Amino acid sequence: MIEYRRFLKACIQVEHTQAIKLKNYIKNNQNTLFGKTHDFRNIDNYQRFANKVPLQEWHEIQGWIDKILNGEKNVLSQEQLLAFEETSGSTSMSKLIPYTQSLRNEFQKGVAAWICSLFISNPEVFNGPSYWSLSPATRIKRKTNHGIPIGMESDNEYFNPFTRFLLSNIWAVSPSISQETAPEIFYLKTLKELLLKDKLALLSIWSPAFLIQLDNFLQKNLPYLLDWLSVTKEGSSKRRNFLNDKLKNKYTWKSLFPSLRMVSCWTHAQAELSLPGLRARLGEVPIQAKGLLATEGITSIPVHPEYDPVLSLRSHFFEFRPVDQQKIFLAHQLKIGGVYETILTTGGGLYRYASGDLVKVTGFFRSNPSLIFIGRTNRRSDLVGEKMSEHHVLLALNFIPNLMLTRINCLFVCPSNNQGSFQYNLFISFKNNDYAHSDLQKVKEVVESGLEENPYYAQALRLGQLKPLKVRPLKEEESFALKEFLKNRNKIKDGDFKMPALFKVGELEEWMNF
């Protein structure tokens, strides 16, 4: 509760809280190689910090990371490195992010404020076991040439000691399962432990697609799991009999777990397309919008049921770059309706890192901005001046009726340039390959209508610079293979995968021939 009270106080003192964060970063790291190079000793306010430290894209940070990988000390942070963690939040190639104790503490501050607020607003979700999937592993642990671990030992490290103690009494699934590297075994072990928890109250995941995939695995392996329930001595006989009855008929997760009170997951940007399908599988279970957490840092957390996730301003120092100008704004300067790229300075040694995450300001909790994630800055396409962004595509895809979305398991747009003939392709995969030509035509019409809300795209169509949208159905097995290809190629963790709404020209040529 202490961290939650500190967070509430900080929400009134946004400018002061952020200024103290920056001051401490500069003071603590002035003798690092990065600090000496950028004259940290002579930085005493934000303006001097901005003047001496340019915005950092990943390719500008990579050189500093390479020094650490080569065994150099005191490069970005004065602290000893705990581990590297690989990014896994997009389809770009993974990056190694240095983790220090300070960075871990910053994550823990944000998570602690979120957990406390959840307990205050929904205490019933802690009345039974809960399932926490912060980052399903399914990836082999390894080390750098100089012995630095790549990957944190456990998801438990995202919780501070007190929160970890509280939750340890209500884990629905053993945290050790998250270290299972074989996906099939990971899902099987997770389901076996989950199913036996008759009082399961909370599911906390990241991508809604993860829970959909877990349910797909349950349906696919139902005969095996029913046989297992008939012979296992685990759990109560009452629970096993209950499951044996429910699983033989059409079920929802609410029918399997009557005590389930909430599912916490991403609900914005690409994740919004999965929500109709998730709700159909869950039944009458409320969904909490989870905040924006990336490997590099924690940007927002849910703290009040009437607000979108709010800035985790006690975690890092934040700057914001509008999509239509180069001027930089601080947290206390944001405006409702503004769309910004988040720029992070963290205790792990990232300084003015342009994250590529786009957020929209939807309001203020006290004086702290509430934010929704709307896409990535690097997801853009401009074949003939149409200036298409992932955000535009997501708005268009959301024109599709929810009833139709529940039948779709994969949906994205990809541009093509065929000998000077420019066109956007809408790839769509239906569950069990169950669709008619009229379904494809309906989806095409509503998506094209949505895309034409972008005036540059509409003009390119009128001028004949772009051919009309083309629908290209994917077989269900092809869509699954594509997801696996992207996860493996870019080293994306299984539960963190998000299918982009917009690919760029040539980005999928390795996988399919356009």
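This structure is a prediction, so every number in the text was calculated from the model and none was measured.

Participant: Could you clarify how one ought to interpret the nonpolar core in this entry?
Facilitator: What tends to happen in soluble globular proteins is that the nonpolar side chains get buried as a cluster. Membership of the largest hydrophobic core comes to 103 residues, with the highest contact counts inside it found for Leu426 and Val447. Top element by residues in this core is helix H6 (residues 101–121). It accounts for eight residues. When neighbours within four sequence positions are excluded, Val447 is seen to be in contact with Ala396, Leu397, Ile400, Leu426 and Leu469. In this structure, Leu203, Leu218, Leu247 and Val285 belong to the second largest nonpolar core, which totals 37 residues.

Participant: Mind showing me how you'd approach the pattern of salt bridges here?
Facilitator: Two side chains bearing opposite charge may form a pair once their charged atoms approach each other closely. Here the structure, examined in full by the defined rule, presents 11 salt bridges. The residue Arg281 makes a salt bridge to Asp215 at a minimum N-O spacing of 2.7 Å. Of this pair, Arg281 sits in helix H13 (residues 275–282) while Asp215 is found in helix H9 (residues 208–220), placing the two residues 66 residues apart along the sequence. Under the relative-accessibility criterion, Arg281 is labelled buried at 14%. Between Arg407 and Asp439 there is a salt bridge whose closest N-O contact spans 3.1 Å. One end of the pair, Arg407, is in the loop between helix H15 (402–405) and strand E18 (408–418); the other, Asp439, is in helix H16 (residues 437–451), and 32 residues separate them in sequence. Each of Glu57, Arg321 and Glu341 takes part in a single network of salt bridges with overlapping partners.

Participant: Even after reading the chapter, I still don't get unusual backbone geometry, so can you show me in this structure?
Facilitator: The phi angle of most residues is negative, glycine excepted, and most peptide bonds adopt the trans form. If you check the backbone angles, Asp39 has positive phi at about 55° while not being a glycine. The topology assignment puts Asp39 in the loop between helix H3 (33–37) and helix H4 (46–52). On the accessibility criterion, Asp39 (25% relative accessible area) is partly exposed. The backbone phi angle of Asn433 is positive, close to 55°, even though this residue is not glycine. Mapped onto the fold, Asn433 is located in the loop between strand E19 (421–430) and H16.

Participant: Is there a simple way to explain the sheet that holds E18 in this structure?
Facilitator: Each strand in a sheet pairs with its neighbour through backbone hydrogen bonds, running either in the same direction (parallel) or in the opposite one (antiparallel). With mixed pairing, three strands are arranged side by side in an open sheet as E18-E19-E20. Each having just a single partner strand, E18 and strand E20 (467–473) make up the two edges of the open sheet. Each strand of the sheet is rotated relative to its neighbour by a mean of 25°, with strand direction disregarded.

Participant: Would you mind showing me how to read the pairing of strand E13 (residues 339–345) here?
Facilitator: Consecutive residues of a regular strand have side chains that alternate between opposite faces of the sheet. Taken across its seven residues, E13 has six buried, putting it largely inside the fold. Sheet analysis places strand E11 (residues 317–322) next to E13, joined by six bridges and oriented antiparallel. When the bridges of E13 are listed, Phe317 appears paired with Thr345. Here E13 runs beside strand E14 (residues 353–365); their pairing, made up of five bridges, is antiparallel. For Val339, the partnering residue across the bridge sits in E14 and is Lys360.

Rules used throughout
- Sequence positions are assigned chain by chain, starting from 1 and proceeding in written order.
- Note on the predicted model: pLDDT of at least 70 is required for a residue's local features to be given, and 80 or more for side-chain atom pairs to be given and counted; whole-chain, interface and lining totals, by contrast, use all residues.
- Remark: hydrogens and water are excluded; side-chain values derive from all non-hydrogen atoms of the structure.
- Only buried residues count toward a nonpolar core. Its members are Ala, Val, Leu, Ile, Met, Phe, Trp, Tyr and Cys residues joined through side-chain atoms within 4.5 Å.
- The buried label goes to any residue with under 20% of its type's maximum accessible area, the exposed label to any with over 50%, and the partly exposed label to all in between, with areas taken from a 1.4 Å probe on protein chains only.
- Each helix is a run of H or I in the DSSP string that is no shorter than four residues. Each strand is a run of E no shorter than two, and both are numbered from the N terminus.
- Any two residues whose heavy atoms approach within 4.5 Å are treated as being in contact.
- Salt bridge, as used here: a side-chain nitrogen of Lys or Arg that lies within 4 Å of a carboxyl oxygen of Asp or Glu.
- For two strands to count as paired, DSSP must find a minimum of two bridges between them.
- Think of each axis as a best-fit line through the C-alpha atoms, taken over the contacting stretch in the case of a helix, with angles from 0 to 180 degrees between the N-to-C directions.

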